[in-house]
Amino acid sequence: MLSALILVPLFGAALIGFWPSDISGKLTRTVALVFATIAFLWSVVIAIQFNPGEANQQFAESLSWIDALGLNYNLGVDGLSLPLLVLNGLLTGIAIYSSDESLGRPKFYYSLILLLSAGVTGAFLAQDLLLFFLFYELELIPLYLLIAIWGGARRGYAATKFLIYTAVSGILILASFLGMVWLSGGSNFALTTLDATTLPLATQLLLLAGILVGFGIKIPLVPFHTWLPDAHVEASTPISVLLAGVLLKLGTYGLLRFGMNLLPEAWNYVAPWLAIWAVVSVMYGASCAIAQTDMKKMVAYSSIGHMGYVLLAAAAATPLSILGAVLQMISHGLISALLFLLVGVVYKKAGSRDLEVLQGLLNPERGMPVIGSLMVVGVMASAGIPGMVGFISEFIIFRGSFPVFPIQTLLCMIGTGLTAVYFLILMNRAFFGRLSAQVVNLPRVYWSDRFPSVVLAVLIVIFGIQPAWLIRWTEPTITAMASVQNVVATVSLEKAKGAGE
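Residues numbered from 1 in each chain as written. Predicted model: local features only at pLDDT ≥ 70, side-chain atom pairs only at ≥ 80, totals over all residues. Heavy atoms only, no water.

**A look at the overall build of the protein chain**
Heads up, the rule is: Counting from the N terminus, the helices are the DSSP runs of H or I reaching at least four residues and the strands are the DSSP runs of E reaching at least two. Each radius of gyration is computed over the set of C-alpha atoms, and the globule rule expresses the reference value as 2.2 Å times the number of residues to the power 0.38. Buried means the residue's accessible area, taken with a 1.4 Å probe over protein chains only, is under 20% of the maximum for its type, while exposed means over 50%, and partly exposed covers the values in between. Two residues form a contact once any of their heavy atoms are found within 4.5 Å. Shrake-Rupley sampling with a 1.4 Å probe provides the accessible areas, and residues are treated as covered by the protein chains on show and by no other component. Under the counting rule used here, the positive set is Lys and Arg, the negative set is Asp and Glu, and His together with the chain ends is not counted. In plain terms, the charge of a residue is placed at NZ if it is Lys, CZ if Arg, CG if Asp and CD if Glu.
Each helix and strand counted, the protein chain has 18 helices and two strands in total. Relative to the 2.2 N^0.38 estimate, which gives 23 Å for 501 residues, the radius of gyration of the protein chain is 22 Å and therefore close to what a compact globule would have. Each of the three principal axes of the protein chain carries a C-alpha extent, and together these read 75 × 55 × 40 Å. The proportion of buried residues among the 501 residues of the protein chain is 59%. Taking contacts inside the protein chain between residues at least 6 apart in sequence as the whole, the part at least 24 apart equals 81%. Accessible surface computed for the protein chain: about 18800 Å², of which carbon and sulfur atoms make up 67%. Mean positive and mean negative side-chain charge positions of the protein chain (24 and 23 charges, respectively) differ by 12 Å.

**Quick notes on unusual backbone geometry**
Excluding glycine, a negative phi dihedral is what most residues carry, and trans is how most peptide bonds are arranged. The omega angle of the peptide bond from Ile 219 to Pro 220 is -5°, so this bond is cis rather than trans. Among the secondary structure elements, Pro 220 is positioned in the loop between helix H8 (201–218) and helix H9 (227–234). Across the junction of Val 222 and Pro 223, the peptide omega takes the value 10°, indicating a cis bond. In this structure, Phe 59 takes a positive phi of about 55° despite not being glycine. Turning to its location among the elements, Phe 59 is positioned in strand E1 (residues 58–66). Positive phi is not limited to glycine here, since Arg 105 has a value of about 50°. Looking at where Arg 105 falls in the secondary structure, it is placed in the loop between helix H3 (82–97) and helix H4 (106–125). Judged by its relative accessible area of 51%, Arg 105 falls in the exposed class.

**A word on the confidence of the model for the protein chain**
Interpretation of the predicted coordinates at a detailed level should be avoided for regions scoring low in pLDDT. So the rule is basically this: Residue-level confidence of the predictor is summarised by pLDDT, bounded by 0 at the bottom and 100 at the top.
For the protein chain, per-residue confidence averages 88 on the pLDDT scale, and residues scoring 70 or more make up 96% of the total. Here helix H18 (residues 468–500) is the element of the protein chain with the lowest mean pLDDT, 65, and H3 is the one with the highest, 95. Across residues 489–501 the pLDDT falls below 50, and counting only partners more than four positions away or on other chains, this stretch makes four contacts in the model.

**Concerning the packing of aromatic side chains**
Using the following cut-off: Centre distance within 6.5 Å is the pairing criterion for rings of Phe, Tyr and Trp, where only the six-membered ring of Trp is used; planes under 30 degrees apart are then read as stacked, over 60 as edge-to-face, and the remainder as tilted. A positively charged side chain is recorded as over a ring if its NZ (Lys) or CZ (Arg) lies within 6 Å of the ring centre. The angle to the ring normal must also be within 35 degrees.
Counted by the stated rule, this structure contains 21 aromatic pairs. Ring pairing ties together the aromatic residues Phe 124, Phe 132, Tyr 136, Phe 177, Phe 215, Tyr 253 and Phe 258, which thus form one cluster. A cation sits over an aromatic face here: Arg 29 above Tyr 97, 5.6 Å from the ring centre. Of note, Arg 472 hangs over the ring of Trp 473, and the distance from its end group to the ring centre comes to 4.6 Å.

**A closer look at helix H2 (residues 25–49)**
What counts here: Take the number of residues in a helix, subtract one, and multiply by 1.5 Å to get its expected span.
Across its 25 residues, H2 extends 36 Å between first and last C-alpha, which sits within 8% of the 36 Å expected from 1.5 Å per residue. By the burial criterion, the buried members of H2 are Gly 25, Thr 28, Arg 29, Ala 32, Phe 35, Ala 36, Ala 39, Ser 43, Ile 46 and Ala 47.

**Focus: the nonpolar core**
This is how the line gets drawn: Only buried residues count toward a nonpolar core, which is a set of Ala, Val, Leu, Ile, Met, Phe, Trp, Tyr and Cys residues joined through side-chain atoms within 4.5 Å.
Ranked by internal contacts, the top residues of the largest apolar core, which has 176 residues, are Phe 258, Met 295 and Met 375. The biggest single contributor to this core is helix H13 (residues 319–350), with 19 residues. Contacts of Met 295, omitting those with residues within four sequence positions, involve Val 343, Val 346, Arg 353, Leu 355, Leu 358, Met 375, Leu 426, Ala 430 and Phe 431.

**Describing the packing of H3 against H4**
Inclusion rule: For helices, the fitted axis covers only the stretch in contact; all axes are lines through C-alpha atoms, and the angles between them, taken along N-to-C directions, range from 0 to 180 degrees. Under this scheme an angle from 65 to 115 degrees is roughly perpendicular, one under 35 degrees roughly parallel, and one over 145 degrees roughly antiparallel; angles in between are oblique. Amino acids are sorted into nonpolar (Ala, Val, Leu, Ile, Met, Phe, Trp, Tyr, Cys and Pro), charged (Asp, Glu, Lys and Arg) and polar (every other residue, Gly among them).
Remark: H3 packs on H4, axes separated minimally by 10 Å, with the N-to-C direction vectors making an angle of 175°. Regarding the angle of H3 to H4, the classification is roughly antiparallel. Residues Leu 84, Leu 85, Asn 88, Thr 92 and Ile 96 of H3 touch H4, and the partners they reach there are Tyr 110, Ile 113, Leu 114, Ser 117, Val 120, Thr 121, Phe 124 and Leu 125. Taken together, the residues of the contact of H3 with H4 sort by class into nine nonpolar, four polar and no charged.

**Concerning the pattern of salt bridges**
To keep it simple, the criterion reads: Throughout this description, the term salt bridge denotes a Lys or Arg side-chain nitrogen within 4 Å of a carboxyl oxygen of Asp or Glu.
Counted according to the given criterion, the structure contains eight salt bridges. Between Arg 353 and Asp 294 there is a salt bridge whose closest N-O contact spans 3.1 Å. With Arg 353 in the loop between H13 and helix H14 (369–382) and Asp 294 in the loop between helix H11 (264–290) and helix H12 (295–316), this pair connects stretches of sequence that are 59 residues apart. Residue Arg 353 shares its accessibility class with Asp 294, and that shared class is buried.

**Re a nonpolar patch on the surface**
Filter applied, for reference: Each patch groups residues whose relative accessible area exceeds 30% and which form no salt bridge, using 9 Å between like charges and 5 Å between nonpolar side chains of Val, Leu, Ile, Met, Phe, Trp and Tyr.
Among the surface-exposed residues, Trp 65, Ile 66, Leu 69 and Leu 134 lie close enough to one another that they form a single nonpolar patch of about 370 Å² accessible area. With respect to the helices, strands and loops of the structure, Leu 134 is situated in helix H5 (residues 129–138). For Leu 134, a relative accessible area of 38% puts it in the partly exposed group.

**Topic: the packing of helix H1 (residues 3–17) against H2**
Between H1 and H2, the least distance of the axes is 9 Å, while the angle of their chain directions is 175°. The orientation of H1 relative to H2 falls into the category roughly antiparallel. Residues Ala 4, Leu 5, Val 8, Pro 9, Phe 11, Gly 12, Leu 15 and Ile 16 of H1 lie in contact with H2, whose contacting residues are Thr 28, Val 31, Ala 32, Phe 35, Ile 38, Ala 39, Trp 42, Ser 43 and Ile 46. Residue classes in the contact of H1 with H2 are distributed as 14 nonpolar, three polar and no charged.

**Structural notes on the state of the cysteines**
We apply this condition: Cysteine sulfurs are considered disulfide-paired once they come within 2.5 Å of each other.
If you walk through the whole model with that rule in mind, you get zero disulfides. Left without a disulfide partner, Cys 288 is nearest to the cysteine sulfur of Cys 412, which lies 16 Å away.

**Remarks on the pairing of strand E2 (residues 71–77)**
In regular strands, side chains alternate between the two faces of the sheet. What counts here: When DSSP locates at least two bridges between a pair of strands, those strands are taken to pair.
By the criterion of burial, E2 is predominantly enclosed, with seven of the seven residues buried. With burial as the criterion, each face of E2 is covered, one bearing Leu 71, Tyr 73, Leu 75 and Val 77 and the other bearing Asn 72, Asn 74 and Gly 76. Both E1 and E2 contribute to a ladder of six bridges, which runs antiparallel. Bridge pairing in E2 links Ser 62 to Asn 74. The hairpin turn running from E1 into E2, its antiparallel successor, is four residues long, and Gly 70 in that turn takes a positive phi close to 75°.

**Considerations on the environment of Glu 394**
Residue placement: Glu 394 occurs in helix H15 (residues 389–401). Between the C-alpha atoms of Glu 394 and Ser 331, which are 63 residues apart in sequence, the distance is 9.4 Å. Leaving out residues up to four positions away in the same chain, Glu 394 has contacts with His 306, Tyr 309, Gln 328, Ser 382, Gly 384 and Thr 416.

Pasting the structure below:
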């Protein structure tokens, strides 16, 4: 059942890529959209059949693969991975739908997007460390090519920078995975059999360092963030949607699944430093966003800050904060995808993303009033205005983290205020006032351009008003993960007291 989520986009990629004759970009997009829709609907079917009261992995699949390496094909889904699977399916379909029908080499383009989707899905489903790494690396090459071939003027530089950073990330993660298995005496890489808590604390800290830096590059966290703004600015709009909406979540998912969950004693030891790291990322991302004049780069820097909230929640490791972390991953995926789509429409119709050039786009006669209205929804959600999904996710994070790290939580709350500042700058410069002389005779914005943004805006409001529809799938799994963390923290405290006596 779970394998179909991987095989459907893979089959679609192979069918499109090896089509014996040239086909039009429109037909290619339609075929790719059909396969993406099937995968998305299948993830919805799995969500409907998923038992929310069960904390363990469901719909498990296991197949012996390479015994000599201890590699097995183990798949499963729980409350942590299920929302991300559905999000990946949704945003893949939106990215394909939003792609330009007239782009060059359409067969190669849509094959790469479907291959990228399959890799991300496999990473979220993998219940084997080595299998996760294979899927984690599988998404690297498609994204590199999507930026390098269909990106902007500096696409080669941005794609190469992304490739180098992500390759280093993979090396560090693989080294930590190998160390966990070999040093703990494990015979295979299955998550269910791995017990790295038997290792000395110093060894656990060394392994955790590789995981933190590896996934910290992917999230990205300061100072490993420099590849992200370049990648976003040069990538096309659909690829930015996937990059911000889904691919960054591989980093936060990895921290929760493999850092906090597998090395709880070491995680508890470094948690105060992780909270400080989160504050630095939040404040730095917000400060850099304020200084930008490129709308796309501003949204890119906002992602750095919003991913810092997830690190704060993971450092606190309370049931409420981890629940907020999962909600933040989903809310950021929806909000960032909406913002990048809207910036893409503005750039396509106005020919610029520069806040020094754009002005008055909310003009009801000659501007983009619907796009501007949707942008208001997006920036309000990102700034944490009540009634939007961004508010409830950040509120739960702060409520769950404050008892553990009060000062760091308050500083991150200031970061939320800064989010409102830079997005108010964006709205005031680009959408309010009189329509600027440089932007005249704007082409008409059709509903086909607006449709994906309307879908995301509706979901942002619905989940903001009724977050229980997301929480019910995740809460049992998160409670189980947090209980393990709390037990380890108690044991560590008792050890410290015993040593002191």
